[in-house]
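Structural characterization, general
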Amino acid sequence: MLSVLQNRNPKDSKGEEFAKSGEMMELDDQLEVTMSQSEETCVKRGRFEFENLPEPQCDLGPSTSGFPCKRTRLEYGLSKRVEVSLVRLPDYKISALRPPTPSQFYSEDESQSSSDSDREQFDESIGSNHPSAKSSKAQKKNKVNNIDHTPIIDSSAFAYVPQETTKIRPDLPEEEITVGSTVLARKKNLRWQRGQIVDVVTKEDGRLKYKIMFDEKGRSLVSGHHIAFEVTPRLEQVYVGARVVVSCQEDTAQFRAGILAELPSRKNRLRFLVFLDNHRPIYVGLTLFYLVCRPLPDPTDDIQDDTHKRFMKQYIRDWPYPHLTQYKPGQNASVEFNGVQLRCKVEMVDSSLIMVASECNQHKEWIHRGSIRLSHMPRFLELRRREAEAGEQ
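Since the model is a prediction, treat every value here as computed from it, not as a measurement. (Residues numbered from 1 in each chain as written. Predicted model: local features only at pLDDT ≥ 70, side-chain atom pairs only at ≥ 80, totals over all residues. Heavy atoms only, no water.)

When helices and strands are tallied, the protein shows eight helices and 18 strands. Carbon and sulfur atoms make up 51% of the accessible area of the protein, which totals about 25,800 Å². (Helix = DSSP H or I, 4+ residues; strand = E, 2+ residues; numbered from the N terminus. Areas by Shrake-Rupley, 256 points an atom, 1.4 Å probe, with all protein chains shown as cover.)

If you want it as structure tokens, here you go:
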């Protein structure tokens, strides 16, 4: 039939063209039947192959649908493109074949943490010198520092060795106070100066008073708990709660009274911590403070500021388990300055002390990590006091 079609003149009559068209339609019908059979076979095998079609005699042409196609050359010299029709599967079959999502196995928090870890791995893959990596690290650092973390208060034991934790006054003989002795005596409420005892006065109730002539101009009549020997104390004489006088760093001729709050240990690098009567903490060596001659049975009774007095009573009662807030350099803290709570940033941590800088005027100051000047500590200490009173009842 192919040879007959080739030998005919293309300019034949219209009847011949209609006959040719009829023959072509019959051939197309036969080809469609063959194609349908091939498609059924391919579907059963699970892949798109057309083994029942004649061997192609031309190259594979590109497919616009994304699937391979074959061109078969018919006996009469015409080419036919074979197209594959796809059928959408039902939703329940698709969901059964789809792999499980992470939300089916992990909670929302775990999924978030895994995404964060992936982001961190991506940042590390970029490299530390890449601008985007540097900006990402800077943003994370600023985000951490700017967050007001919930204060964490540690009340663990400061030390376990008796020489580092004792808060009982040792039973040692008192040194005699004589006329002509050089002492440190209170001249004003918070100021002590060096002077000399010029007289001892006995009151009607039997109490002794000491008349002091200060090196600087002035005289004063003071009690025994307002006098300190200008002698370096011995280690067996010191204890937590002892009444002491500390030399001022600004003026060596001036002295401040305080309460001994820590004994040397590895935690404070073998130093003494003293709380001055103005609630200021300071680390000193053994040669920078002196013991009061005749302290009161409760040394805190000599503190005039009621707020600081309550703090020191609670501090000595809780010792050796001081309540210290955990801070790191760069964290924010709310600290009281002159009766006003100000936002500050922690710059340094030194054992039980932190250096804070006010954000408004950059004023820097050392404060105790359990100080009542920290916004959260008064509430915490009040709760502890109520618990202690309830336990005693």
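Having seen it, we continue.
This paragraph deals with the sheet that holds strand 18 (residues 364-368). Judged by pairing direction, the sheet is antiparallel, and its four strands sit side by side in the order 15-16-17-18 without closing on themselves. Of all strands in the sheet, those bounded by a partner on one side alone are strand 15 (332-337) and strand 18. Averaged over all adjacent pairs, the angle separating strand axes in this sheet is 50 degrees, with direction ignored. Relative to strand 18, strand 17 (residues 353-358) runs antiparallel, the two sharing five bridges. Its bridge partner lying in strand 18, Ala357 is registered against Lys364. (Pairing = 2+ DSSP bridges. Axes fitted to C-alpha atoms, helices over the stretch in contact; angles between N-to-C directions.)

This part is about the pairing of strand 5 (residues 192-202). For strand 4 (residues 182-186) and strand 5, the ladder comprises five bridges, and the chain directions are antiparallel. Bridging from a neighbouring strand, Leu184 pairs with Arg194 of strand 5. Where strand 4 hands over to strand 5, the hairpin turn is made up of five residues, counted between the paired strands. Pairing between strand 5 and strand 10 (residues 254-262): two bridges, direction antiparallel. For Gln193, the partnering residue across the bridge sits in strand 10 and is Gln254. Relative to strand 6 (residues 208-214), strand 5 is paired through seven bridges, and the arrangement is antiparallel.

The terminal C-alpha atoms of helix 7 (residues 306-318), which comprises 13 residues, lie 18 Å apart, in line with the 18 Å expected from a rise of 1.5 Å per residue. For helix 7, the set of buried residues is His308, Lys309, Phe311, Met312, Gln314, Tyr315, Ile316 and Asp318. The secondary structure elements touched by the buried residues of helix 7 are strand 10, strand 11 (272-276), strand 18 and helix 8 (377-392). Near the N-terminus of helix 7, the side chain that reaches the backbone nitrogen of Thr307, with its oxygen 3.3 Å away, is that of Asp305. (Expected span 1.5 Å × (residues − 1). Buried < 20%, exposed > 50% of the residue type's maximum accessible area, 1.4 Å probe, protein only. Contact = heavy atoms within 4.5 Å. Polar contact = N/O pair within 3.5 Å; in protein donor to acceptor, adjacent residues only side chain to side chain.)

Glancing now at a nonpolar patch on the surface. Together, Val179, Val200 and Leu208 line one region of the surface with nonpolar side chains, adding up to about 220 Å² of accessible area. Along the chain, the position of Val200 falls in strand 5. (Patch = residues over 30% accessible without salt bridge, like charges linked within 9 Å, V, L, I, M, F, W, Y side chains within 5 Å. Salt bridge = Lys/Arg side-chain N within 4 Å of Asp/Glu carboxyl O.)

With respect to the helices, strands and loops of the structure, Val179 is situated in the loop between helix 6 (162-165) and strand 4. Among the residues examined, Val179 registers a relative accessible area of 52% and is labelled exposed. Put simply, Val179 and Val200 are 21 residues apart on the chain and 7.1 Å apart in space, counted from C-alpha to C-alpha. What Val179 contacts, discounting residues up to four positions off in sequence, is Ile197, Val198, Asp199 and Val200.

In terms of burial, strand 17 is largely enclosed, as six of its six residues are buried. Neither face of strand 17 is left uncovered, since the one carrying Leu353, Met355 and Ala357 and the one carrying Ile354, Val356 and Ser358 both have all their residues buried. Sheet topology note: the strand 16 (residues 340-350)/strand 17 ladder contains six bridges and is antiparallel. Following the sheet pairing, Val346 is matched in strand 17 by Val356. Where strand 16 hands over to strand 17, the hairpin turn is made up of two residues, of which Ser351 adopts a positive phi near 55 degrees. The turn linking strand 17 back onto strand 18 is made up of five residues, and Gln362 within it adopts a positive phi angle of 60 degrees.

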